[in-house]
Amino acid sequence: MRDLYYIALDTGVLTAVVFILFGTSQFFSWLLSFSQVPQNLLTWMVSSPWMNKWTFLLLVNVCFFIACMVIDGAPAMMIMNPILFPIAIKYGIDPIHLGIIITTQTTIGAGTPPFGINIFTACVAFKESYMKVISEVWIFIAILVFAAVLISIFPQISLWLPNLLFK
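Residues numbered from 1 in each chain as written. Predicted model: local features only at pLDDT ≥ 70, side-chain atom pairs only at ≥ 80, totals over all residues. Heavy atoms only, no water.

(A) Quick look at the nonpolar core. Of all hydrophobic cores here, the largest spans 22 residues; its most connected members are Phe56, Val60 and Phe64. Sorting the residues of this core by element identifies helix 3 (53–70), helix 4 (73–90) and helix 5 (95–110) as the ones contributing at least two each. Among the elements that take part in this core, helix 3 stands out by supplying 7 residues, more than any other. Setting aside chain neighbours within four positions, we find Phe64 in contact with Ala76, Met77, Met80, Asn81, Leu84, Ile102, Gln105 and Thr106. (Core = buried A, V, L, I, M, F, W, Y, C linked by side-chain atoms within 4.5 Å. Buried < 20%, exposed > 50% of the residue type's maximum accessible area, 1.4 Å probe, protein only. Helix = DSSP H or I, 4+ residues; strand = E, 2+ residues; numbered from the N terminus. Contact = heavy atoms within 4.5 Å.)

See the structure below:
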């Protein structure tokens, strides 16, 4: 009972950090949207002669990875999904496969330095320094990137269960 005050204080600090980061990412996503970055990206992607299914999937992976390093995953998805979904359908990419790729890259980006939101959350939750947390994260990032490459190249990895359940 005597620790209840400190538990509540730690919870409040952690919640404040998460909401500050989320608010900052919301502002950044608004700024991107206001600057029409997604619309310009769509125009560029559709008009490129070298664009095909594989380059599109590579761009989706890279865009979500980089975007989620600096903003939260929810705003990144809200900005980019309506733009990327029609292009994915055009290239014959299964929507479930696209969703799994996006979710995977969102997760990886959120835990990747320099601005991954999960890094700052871990610093507060575990009371560790930023440098300590990022020194330990690289092996996990490498494993997740390898898994993301496999998921992107082999859609059967992410589609076997939906295909089994919804024949």
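After that view, the rundown keeps rolling.
(B) Structural detail: the pattern of salt bridges. Inspection of every chain in the model, using the stated rule, returns 2 salt bridges. The partner of Asp10 in a salt bridge is Lys127, with the nearest N and O atoms 3.2 Å apart. With Asp10 in helix 1 (residues 4–34) and Lys127 in the loop between helix 6 (117–126) and helix 7 (130–153), this pair connects stretches of sequence that are 117 residues apart. The exposure class assigned to Lys127 is exposed, which follows from its relative accessible area of 58%. Among the salt bridges present, the one from Glu136 reaches Lys132, with a minimum N-O distance of 3.5 Å. Here Glu136 and its partner Lys132 are both found in helix 7, 4 residues apart, which amounts to about one turn of the helix. According to the relative accessible area criterion, Glu136 is partly exposed, its value standing at 46%. (Salt bridge = Lys/Arg side-chain N within 4 Å of Asp/Glu carboxyl O.)

(C) Representation of helix 5. Helix length check: helix 5, at 16 residues, gives a terminal C-alpha distance of 22 Å against a target of 22 Å (1.5 Å per residue), a fit within 8%. Within the span of helix 5, buried status applies to His97, Leu98, Ile101, Ile102, Thr104, Gln105, Thr106, Ile108, Gly109 and Ala110. Where helix 5 is buried, its residues touch helix 3, helix 4, helix 6, helix 7 and helix 8 (155–165). If you check the start of helix 5, you find a side-chain oxygen 2.8 Å away from the backbone N of Ile96, and it comes from Asp94. (Expected span 1.5 Å × (residues − 1). Polar contact = N/O pair within 3.5 Å; in protein donor to acceptor, adjacent residues only side chain to side chain.)

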